[in-house]
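Here is what each chain is made of, one letter per residue.
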Amino acid sequence: MGKGKLILRTNRCKGCEICISVCPKKVLELDKFNVNKKGYHPICITNEEECMGCASCALMCPDGVINVYTE
């Protein structure tokens, strides 16, 4: 089991993909099927069990979409 729990505020996401590029475990991607209130494909978690809780994604997100809680 992973060490991190991600909480996403997808309605803030503008799909810039910065969080995807900095994730060492590659557990994030853009949601291919859903669109948020702003009209963007928001970020989603592909495999939360692999998240190591490093918070790189949260630190780099310009819109405060991601919160990381560690166990």
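Relevant structure appears above.
The paragraphs below set out a description of the structure included in this document. (Residues numbered from 1 in each chain as written. Predicted model: local features only at pLDDT ≥ 70, side-chain atom pairs only at ≥ 80, totals over all residues. Heavy atoms only, no water.)

## Details of the pattern of salt bridges
Phase 1 of the analysis: Here the structure, examined in full by the defined rule, presents 2 salt bridges.
Phase 2 of the analysis: We note a salt bridge from Glu29 to Lys32, for which the minimum N-O separation is 3.3 Å.
Phase 3 of the analysis: On the accessibility criterion, Lys32 (58% relative accessible area) is exposed. (Salt bridge = Lys/Arg side-chain N within 4 Å of Asp/Glu carboxyl O. Buried < 20%, exposed > 50% of the residue type's maximum accessible area, 1.4 Å probe, protein only.)

## Section: the nonpolar core
Phase 1 of the analysis: Among the nonpolar cores identified, the biggest contains 14 residues, and Leu6, Cys19, Leu28, Ile43, Cys57, Val65 and Ile66 are the most heavily contacted of them.
Phase 2 of the analysis: Where this core is concerned, the elements lending two or more residues are α1 (18-22) and β4 (66-70).
Phase 3 of the analysis: In contact with Ile66, other than residues within four places in its own chain, are Leu6, Ile7, Leu8, Cys19, Leu28, Cys57 and Ala58. (Core = buried A, V, L, I, M, F, W, Y, C linked by side-chain atoms within 4.5 Å. Helix = DSSP H or I, 4+ residues; strand = E, 2+ residues; numbered from the N terminus. Contact = heavy atoms within 4.5 Å.)

## Topic: unusual backbone geometry
Phase 1 of the analysis: Despite not being glycine, Glu17 has its phi angle at roughly 70°, a positive value.
Phase 2 of the analysis: Tracing the sequence through the fold places Glu17 in the loop between β1 (4-8) and α1.
Phase 3 of the analysis: Phi angles above zero are rare outside glycine, and Lys26 is one such case at about 55°.
Phase 4 of the analysis: Relative to the helices and strands, Lys26 is located in the loop between α1 and β2 (28-30).
Phase 5 of the analysis: Residue Lys26 is classed as exposed on the basis of its relative accessible area of 52%.

## Looking at the side chain of Asn36
Phase 1 of the analysis: Mapped onto the elements, Asn36 comes out in the loop between β2 and β3 (43-45).
Phase 2 of the analysis: In this structure the side chain of Asn36 is engaged in a polar contact, spanning 2.9 Å, whose partner is the backbone oxygen of Thr10.
Phase 3 of the analysis: Excluding residues within four positions of it along the chain, Asn36 makes contact with Thr10, Asn11, Cys13 and Pro42. (Polar contact = N/O pair within 3.5 Å; in protein donor to acceptor, adjacent residues only side chain to side chain.)

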